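Below are the chains, spelled out letter by letter.
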Amino acid sequence: MAKRKAKGGAKSAKQKAGIGRVVVVLLVILFIAGAVCAAGFGSKSDNNKWFKNGDITTWFNSWGKGSAASGSGDSSTGAVLAIGSEGEKLTDGSTYAMGRGLTYFTARDYTNNQEYAPEGEITLTATLSNEYIKAGAFDWSVKFANGSSEWAQGKVANYFVSVTPVEGNSSQAKLKYLAPFAEQIEVTATLRGSSSSDTCTVDCLKPATIKEPFLCFSDFYDWLEMEADAELGSGTVTGDFVLRYAAINMTDNFIGALKNYLTFDIEVTYFSLTNQPFALNGNYLATTNHENLTYAMLIKNFDNYDQAHKEAIYYAWYRAYQNERYNVTANICIDYIFQGVTVSSGVESDYGGTGYTPFGISGSCYGADVSPSVTLNKNVVF
């Protein structure tokens, strides 16, 4: 910004000093504002720390269903690396007793569509009795549970997970996930010179990218279907696909246009569905149940109106939709969940009849052929 020349000649030293102090104060304010911007606007997390609007992990934990793949277990901190057989969230530094199983999460770079192993180690502890542990050292081994499977043939289990005994305590070992695998792995601790052993099974959750979720229906007489494509990566187990929400919403512009054709008042409501399971067929996701879209889902107490008032609404809706269809929105979010942890999500929001959500609720099936009511409809040329 160009500097403005002061009128009335040179300023006094006192004036200059005062201006200097103001500039310093302004710079301090701008610095603090910049720090707040860097931390994120709009909300604080439950622990009173600022977070970014784009911080999907915090968003899930604060507002979403379940939690994102982060958290802590035991005395460790950081992102969740794996889930124990009883739902324990295992992070870098967690200690986990053998004799059970655990499932690793595979991280994914969605920009480059590449899978990679998360950083961190889990400490496995043999659960044999103290007498056995005190008796001698343990030998650790890694192998595929089914080494003859088509996927495992020609591969070595140590390429996918590594096991490093803890120095000075061979009843414990550091387990590290190295690469995605599609055959269950067994980690075994065998008491040296004995047949006594302890085993931990290790699975790998298939990562999932949910693409182009959408609501699919053509008008009020049609099923409200929800579909999406799912791209799965390598792994031994698959999580669950669950609808977090599907919603149809009308803006004030549409509501105003709708009421503009009626002589009586109506209340337009916000329609939504939640917690619907999806069935996975190949790479295709679809809801396992369907529901017909009705006027009662979008207009409060619609079923209590008599036929004359219903027909007046049919007419008004159809007319309003002709010019205000872009003020009707459909929103959908599908979560990929494993043991209560939200691993990834697919979100889409579209206006009527556009984008990936091919929906249209013009009301033509009821309103196109109905005649307007002289007493119940207005702003109509009869």
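Remember, it's a predicted structure, so these values are computed and weren't measured experimentally.

**So, the overall build of the chain**
A count of helical and extended segments in the chain gives six helices and 22 strands. The 382 residues of the chain split such that 41% are buried. Here the contacts in the chain between residues at least 6 apart in sequence split such that 64% fall between residues at least 24 apart.

**Describing the pattern of salt bridges**
Counted by the stated rule, this structure contains seven salt bridges. Residue Glu88 pairs with Arg100 through a salt bridge whose shortest N-O separation is 2.6 Å. Placement of the pair is Glu88 in the loop between strand S2 (80-84) and strand S3 (89-91) and Arg100 in the loop between strand S4 (95-97) and strand S5 (101-104), with a sequence separation of 12 residues. Residue classification places Glu88 among the partly exposed positions, given a relative accessible area of 24%. Note that Arg244 is salt-bridged to Asp335, the shortest N-O span being 2.9 Å. Residue Arg244 is found in strand S16 (residues 240-250), and its partner Asp335 is found in strand S21 (residues 328-338); the two are separated by 91 residues along the sequence. With respect to burial, Arg244 and Asp335 carry one shared label: buried.

**Comments concerning the nonpolar core**
The nonpolar side chains of a soluble globular protein tend to be buried, and buried together. Phe241, Ile248, Met250, Leu298, Trp317 and Ile361 are the most contacted members of the largest nonpolar core, which totals 56 residues. Every element with two or more residues in this core is listed here: S2, strand S14 (208-216), strand S15 (223-232), S16, helix H4 (252-259), strand S17 (271-273), helix H5 (307-324) and S21. Sort the elements by how many residues they give to this core and H5 lands first, with eight residues. Excluding residues that lie within four positions of it along the chain, Trp317 makes contacts with Phe220, Met250, Phe254, Leu258, Tyr295, Leu298, Ile299, Ile361, Ser362 and Gly363. Residues Leu90, Ile122, Leu124 and Leu191 belong to the second largest nonpolar core, which totals 32 residues.

**A closer look at the sheet that holds S4**
Taken in spatial order, the four strands of this open sheet run S4-S8-S11-S10, and their pairing is mixed. Across the chains shown, the open sheet's two edge strands, defined by having one partner strand only, are S4 and strand S10 (161-166). For this sheet, the mean inter-axis angle between neighbouring strands, taken without regard to orientation, is 30°. For S10 and strand S11 (residues 169-177), the ladder comprises six bridges, and the chain directions are antiparallel. Bridge pairing in S11 links Val161 to Tyr177.

**Considering the side chain of Ser373**
Structurally, the position occupied by Ser373 is in the segment after helix H6 (364-367). For Ser373, a relative accessible area of 19% puts it in the buried group. A polar atom in the side chain of Ser373 sits 3.3 Å from the backbone nitrogen of Thr375. A distance of 3.0 Å separates a polar side-chain atom of Ser373 from the backbone nitrogen of Leu376.

**Concerning the confidence of the model for the chain**
Of all residues in the chain, 72% attain a pLDDT of 70 or more, and the chain-wide mean is 77. In this model residues 1-77 is a low-confidence stretch, pLDDT under 50, and it forms 79 contacts with partners more than four residues away in sequence or in other chains.

**Remarks on H4**
Taken together, the buried positions of H4 are Phe254, Ile255, Ala257 and Leu258. On an axial view of H4, the arc spanned by its buried residues comes to 160°, and they lie on one face. Close packing links the buried residues of H4 with S16, H5 and S21.

**Comments concerning the packing of aromatic side chains**
For the structure shown, the criterion picks out 22 aromatic pairs. Both rings, one in Tyr261 and one in Tyr315, keep their centres 6.5 Å apart while their planes meet at 85°; by these two values the pair is edge-to-face. Of this pair, Tyr261 sits in the loop between H4 and S17 while Tyr315 sits in helix H5, and the two are 54 residues apart along the sequence. Both residues of the pair, Tyr261 and Tyr315, belong to the buried class. Taking 5.3 Å as the distance between ring centres and 20° as the angle between the ring planes, the aromatic pair formed by Tyr295 and Phe302 counts as stacked. Take Tyr295 and Phe302: they sit in the same class, and that class is buried. Its end group placed over the ring of Trp151, Lys155 keeps NZ or CZ at 4.5 Å from the ring centre.

**Observations concerning the pairing of S15**
Consecutive side chains along a regular strand alternate between the two faces of the sheet. Summarising the sheet, S14 and S15 pair through seven bridges and their orientation is antiparallel. Each bridged residue has a counterpart across the sheet, and for Cys216 the counterpart in S15 is Glu225. Where S14 folds back onto S15 in an antiparallel hairpin, the turn is made up of six residues. Note that S15 and strand S20 (residues 291-292) share two bridges and pair antiparallel. Along S20, the bridge assignment pairs Leu224 with Glu291.

**Section: the environment of Glu225**
Following the sequence through the fold, Glu225 ends up in strand S15. Sequence-distant contacts of Glu225, defined by excluding residues within four places in its chain, comprise Phe214, Leu215, Cys216 and His290.

Reading the values: the criteria
Residues numbered from 1 in each chain as written. Predicted model: local features only at pLDDT ≥ 70, side-chain atom pairs only at ≥ 80, totals over all residues. Heavy atoms only, no water. Helix = DSSP H or I, 4+ residues; strand = E, 2+ residues; numbered from the N terminus. Buried < 20%, exposed > 50% of the residue type's maximum accessible area, 1.4 Å probe, protein only. Contact = heavy atoms within 4.5 Å. Salt bridge = Lys/Arg side-chain N within 4 Å of Asp/Glu carboxyl O. Core = buried A, V, L, I, M, F, W, Y, C linked by side-chain atoms within 4.5 Å. Pairing = 2+ DSSP bridges. Axes fitted to C-alpha atoms, helices over the stretch in contact; angles between N-to-C directions. Polar contact = N/O pair within 3.5 Å; in protein donor to acceptor, adjacent residues only side chain to side chain. pLDDT = per-residue confidence, 0-100. Arc of directions from axis to C-beta. Phe/Tyr/Trp six-rings, centres within 6.5 Å; stacked < 30°, edge-to-face > 60°. Lys NZ or Arg CZ within 6 Å of the ring centre and 35° of its normal.

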